[in-house]
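Geometric and topological summary
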Amino acid sequence: MKYCQSCGSPVDLIVPDGDNRQRHVCTDCGDIHYQNPKIVAGCVPVWDDSVLLCRRAIEPRYNYWTLPAGFMENGETLEQAAQRESIEEANAALENLRLYSVISLPHISQVYMMFLADLKNTDFFPGAESLETKLFSEDEIPWRSLAFKTIESTLRCFFIDRKTGTFTLHNSTIEKWNR
Ligand code: ZN
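Just so it is clear, the structure is predicted and the values come from calculations on it, not from any experiment.

1. Some remarks on the coordination of the zinc ion
- Cys4 (SG), Cys7 (SG), Cys26 (SG) and Cys29 (SG) make up the full set of protein donors to the zinc ion, lying at 2.3 Å.
- Each donor residue of the zinc ion lies on one chain, and together they are spaced C-x2-C-x18-C-x2-C. Note that Cys4 is positioned in the segment before strand E1 (11-14) and Cys29 in the loop between strand E2 (23-26) and strand E3 (32-33), a separation of 25 residues in sequence.
- Under the relative-accessibility criterion, Cys4 is labelled buried at 6%.

Below is the structure:
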């Protein structure tokens, strides 16, 4: 950040009084512009023994497969964000959302929050951000063509849990990934 979002004057990166880390502080109006992690909300859409993946039509990771997920918007709940992303990317109607995977990514200041969800039907089709939407059984998952480590991690948990039929919340941290 170079300029104040309130008045347009330059900002300094300083530790404000009573704080313990650097913030962007306006040199004119004094506003402190806090920056905090972003939440990525998404779903594992399930149909019988398969999950719905989307092949990305956008960068980053164009052409790689992902679960429906994206940045939460102001004014919506976590569930609404996950459902909206599933509609936007796959036109997938979901029900019975259960929070399943929470992954902290401190190196990029993001937190993924992924739900298990039941597909209501198979009438899904690619949204503007997807090239293709398709159901995959465990044997068919394109593990080497997955867009993000968070997606891989969530899918691995899912197929392990499915063998026992016990789906518990997975809370983890991914420090870094190379893609
Ligand atoms: Zn200002």
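2. Quick notes on the pairing of strand E5 (residues 50-56)
- Within E5, six of the seven residues are buried, which leaves the element mostly enclosed by the surrounding structure.
- Examined bridge by bridge, strand E4 (residues 38-47) and E5 share two bridges and lie antiparallel to one another. Each residue of the ladder has a partner; that of Val46, found in E5, is Val51.
- Hairpin geometry of E4 and E5 is characterised by an intervening segment of two residues between the two adjacent antiparallel strands and by a positive phi of about 50° at Asp48.
- Judged from the seven bridges that link them, E5 and strand E10 (residues 130-137) form a sheet pairing that is antiparallel. Counterpart to Val51 in the pairing with E10 is Phe136.
- Alignment of E5 against strand E6 (residues 65-66), held across two bridges, turns out to be antiparallel. When the sheet's bridge partners are listed, Arg55 is paired in E6 with Trp65.

3. Things to note about a negative patch on the surface
- Negative charge collects at one region of the surface, where Asp48, Asp49, Asp139 and Glu140 lie side by side.
- Topologically, Asp139 is positioned in the loop between E10 and helix H2 (149-164).

4. Considerations on the nonpolar core
- If you look at the biggest cluster of nonpolar residues, it comprises 25 residues, and the most contacted ones within it are Val51, Leu53, Tyr112, Ile141, Leu155 and Phe158.
- Mapped onto this core, the elements with two or more residues apiece are E4, E5, strand E8 (94-105), strand E9 (110-119) and H2.
- With five residues, the top contributor of residues to this core is H2.
- Dropping the residues within four chain positions of it, Tyr112 is found in contact with Val40, Ser101, Val102, Ile103, Leu105, Phe148, Thr150 and Ile151.
- Counting 16 residues, the second largest nonpolar core, distinct from the first, contains Cys43, Cys54, Ala82 and Phe124.

5. Focus: helix H1 (residues 78-90)
- The end-to-end C-alpha distance of H1 is 18 Å, a good match for the 18 Å that 13 residues give at a rise of 1.5 Å each.
- When we look at burial in H1, the residues that qualify are Leu78, Ala81, Ala82, Arg84, Glu85, Ser86, Glu89 and Ala90.

6. Description of the side chain of His24
- Relative to the assigned elements, His24 resides in strand E2.
- Once residues within four sequence positions are removed from consideration, His24 is found in contact with Met1, Val11, Asp12, Leu13, Asp31, Ile32, His33 and Gln35.

7. A short note on the packing of aromatic side chains
- Across all of its chains, the model carries five aromatic pairs by this definition.
- Here the aromatic rings of Trp65 and Phe136 are separated by 4.9 Å at their centres, their planes lie at 80°, and the arrangement is edge-to-face. Remark: Phe136 occurs in strand E10 and Trp65 occurs in strand E6; sequence separation between them is 71 residues. Phe136 carries the same exposure label as Trp65, and that label is buried.
- One aromatic cluster is present, formed by Tyr100, Trp143, Phe158, Phe159 and Phe167 through successive ring pairs.
- Its guanidinium or amino end placed over the ring of Tyr64, Arg61 lies 3.7 Å from that ring's centre, counting from NZ or CZ.
- Over the ring of Trp143 we find Arg156; its NZ or CZ atom is 4.0 Å from the centre of that ring.

Criteria and cut-off values
- Here, residues in each chain are numbered from 1, in the same order as that chain's written sequence.
- The predicted origin of the model limits local features to residues at a pLDDT of at least 70 and limits the giving and counting of side-chain atom pairs to 80 or more, whereas totals for whole chains, interfaces and linings rest on all residues.
- As a rule here, side-chain values cover all heavy atoms of the structure and leave hydrogens and water aside.
- With water omitted from the atoms examined, metal sites may look incomplete; donors here are N, O and S atoms no farther than 2.8 Å from the metal, or 3.2 Å in the case of Na, K and Ca.
- Only DSSP runs of H or I with at least four residues qualify as helices, and only runs of E with at least two residues qualify as strands; both kinds are numbered from the N terminus onward.
- Relative accessible area decides the class of each residue, using a 1.4 Å probe on protein chains only: under 20% of the type maximum gives buried, over 50% gives exposed, and in between gives partly exposed.
- At least two bridges found by DSSP between two strands are what make those strands a pair.
- Surface patches are defined over residues having more than 30% relative accessible area and no salt bridge, joining like charges when they lie within 9 Å and nonpolar side chains (Val, Leu, Ile, Met, Phe, Trp, Tyr) when within 5 Å.
- Surface accessibility in these figures is a Shrake-Rupley result with a 1.4 Å probe; residues are shielded only by whichever protein chains are displayed.
- In the sections that follow, a salt bridge refers to a side-chain nitrogen of Lys or Arg positioned within 4 Å of a carboxyl oxygen of Asp or Glu.
- Neither His nor the chain termini are counted; the positive set is Lys and Arg, and the negative set is Asp and Glu.
- Charge placement uses NZ in Lys and CZ in Arg. For Asp and Glu, CG and CD serve respectively.
- In this description, a nonpolar core means a group of buried Ala, Val, Leu, Ile, Met, Phe, Trp, Tyr and Cys residues linked to one another through side-chain atoms lying within 4.5 Å.
- The contact rule is simple, with two residues in contact once any of their heavy atoms fall within 4.5 Å.
- The length a helix should cover is 1.5 Å for every residue beyond the first.
- Two aromatic rings, drawn from Phe, Tyr or Trp (for Trp, its six-membered ring), form a pair once their centres lie within 6.5 Å of each other, and the interplanar angle then sorts them: stacked below 30 degrees, edge-to-face above 60, tilted otherwise.
- Lysine NZ or arginine CZ positioned within 6 Å of the ring centre and within 35 degrees of the ring normal marks a charge as sitting over the ring.

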